[in-house]
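An overview of the molecular structure
Next come the chains, spelled out residue by residue.
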Amino acid sequence: MFQELIAQMAREVEKLQFELNVTLPAEIRKAVELGDLKENSEYKAALERQQFVQARLGQLTQRVTKLANIDITQIPADKVGLGSKVIVEDEGTTSRESYELVFGDAGELQDGHVTMGSPIGRALQGKAVGDQAILKLPNRIRRLTIVELYTIHDRAADELA
């Protein structure tokens, strides 16, 4: 799981570095050739994009470092943690929902993914099958019972099989 995420980030880093080192300098040179930099929207846009790319590269570098330092042996094998897929049943509606706890930010989430730091991610962490997670929302409280749990260790065992 982590290697896949690191590889995905490495591809994004590669694209951003190319943009930062090749594409943007060419755009900036073209914009400078147009003259008067005070009112040159192409120049301003290229500089803003350059700042964004530099910030994103810094963010990706931090995330890769954090991912590389995660010790999977510290993640419980029988409780909800990073990489767990969990099916919960809402006590109030008896409907079932599926979540996967991931490392990431909201901009990169797929359907059904929740980050460890999100309210639902925090409520589910450390729970086992049969446990109840209490999710406090602004207008109500949801009680979610853990029905099924598939941890990162289960996934690793499946990949080896």
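Our subject is the structure listed above.
The structure contained in this document is the topic of the report that follows. Owing to the predicted nature of the structure, the values given are computational and were not obtained by experimental measurement. (Residues numbered from 1 in each chain as written. Predicted model: local features only at pLDDT ≥ 70, side-chain atom pairs only at ≥ 80, totals over all residues. Heavy atoms only, no water.)

Quick look at the environment of glutamate 14 now. Looking at the element boundaries, glutamate 14 is found in helix H1 (residues 2–33). Here the alpha-carbon distance between glutamate 14 and leucine 57, two residues 43 residues apart in the chain, equals 9.5 Å. (Helix = DSSP H or I, 4+ residues; strand = E, 2+ residues; numbered from the N terminus.)

This paragraph deals with the environment of serine 98. Along the chain, serine 98 turns up in strand S2 (residues 96–102). Overall, serine 98 belongs to the partly exposed group, its relative accessible area being 48%. Distance from serine 98 to alanine 133, taken between C-alpha atoms, is 14 Å for residues 35 residues apart in sequence. (Buried < 20%, exposed > 50% of the residue type's maximum accessible area, 1.4 Å probe, protein only.)

Attention now goes to the nonpolar core. Of all hydrophobic cores here, the largest spans 14 residues; its most connected members are Val80, Val86, Val88, Tyr99, Leu101, Ile120 and Leu124. Residue assignment for this core shows that the elements contributing at least two residues are strand S1 (85–90), S2, helix H3 (119–124), strand S4 (132–136) and strand S5 (141–150). Setting aside residues no more than four positions away along its own chain, leucine 124 makes contact with Val80, Val86, Val88, Tyr99, Leu101, Ala133 and Ile146. By size, the runner-up hydrophobic cluster in this structure holds 10 residues, among which are Leu5, Leu16, Val53 and Leu60. (Core = buried A, V, L, I, M, F, W, Y, C linked by side-chain atoms within 4.5 Å. Contact = heavy atoms within 4.5 Å.)

To continue, consider unusual backbone geometry. Here the phi dihedral of threonine 94 falls at roughly 60°; this positive angle occurs in a residue that is not glycine. Relative to the helices and strands, threonine 94 resides in the loop between S1 and S2.

This brings us to the sheet that holds S4. Read from one edge of the open sheet, 5 strands run S3-S2-S1-S5-S4, paired in mixed fashion. Each end of this open sheet is capped by a strand with a single partner; those strands are strand S3 (113–115) and S4. Going from strand to strand, the sheet's axes swing by 40° on average, the running direction of each strand aside. Bridge analysis of S1 against S2 gives 5 bridges, and the strand direction is antiparallel. Across the sheet, the residue bridging to glutamate 89 is arginine 96, located in S2. (Pairing = 2+ DSSP bridges. Axes fitted to C-alpha atoms, helices over the stretch in contact; angles between N-to-C directions.)

Moving on, we come to the pattern of salt bridges. Following the criterion strictly, the structure yields 6 salt bridges and no others. Across the pair glutamate 19 and arginine 49 runs a salt bridge, and its minimum N-O distance is 2.6 Å. Linking glutamate 19 in helix H1 with arginine 49 in helix H2 (residues 41–68), this pair joins segments that are 30 residues apart in sequence. Close ionic contact of arginine 142 with aspartate 90 constitutes a salt bridge, the shortest N to O distance being 2.7 Å. Of this pair, arginine 142 sits in strand S5 while aspartate 90 sits in strand S1, and the two are 52 residues apart along the sequence. (Salt bridge = Lys/Arg side-chain N within 4 Å of Asp/Glu carboxyl O.)

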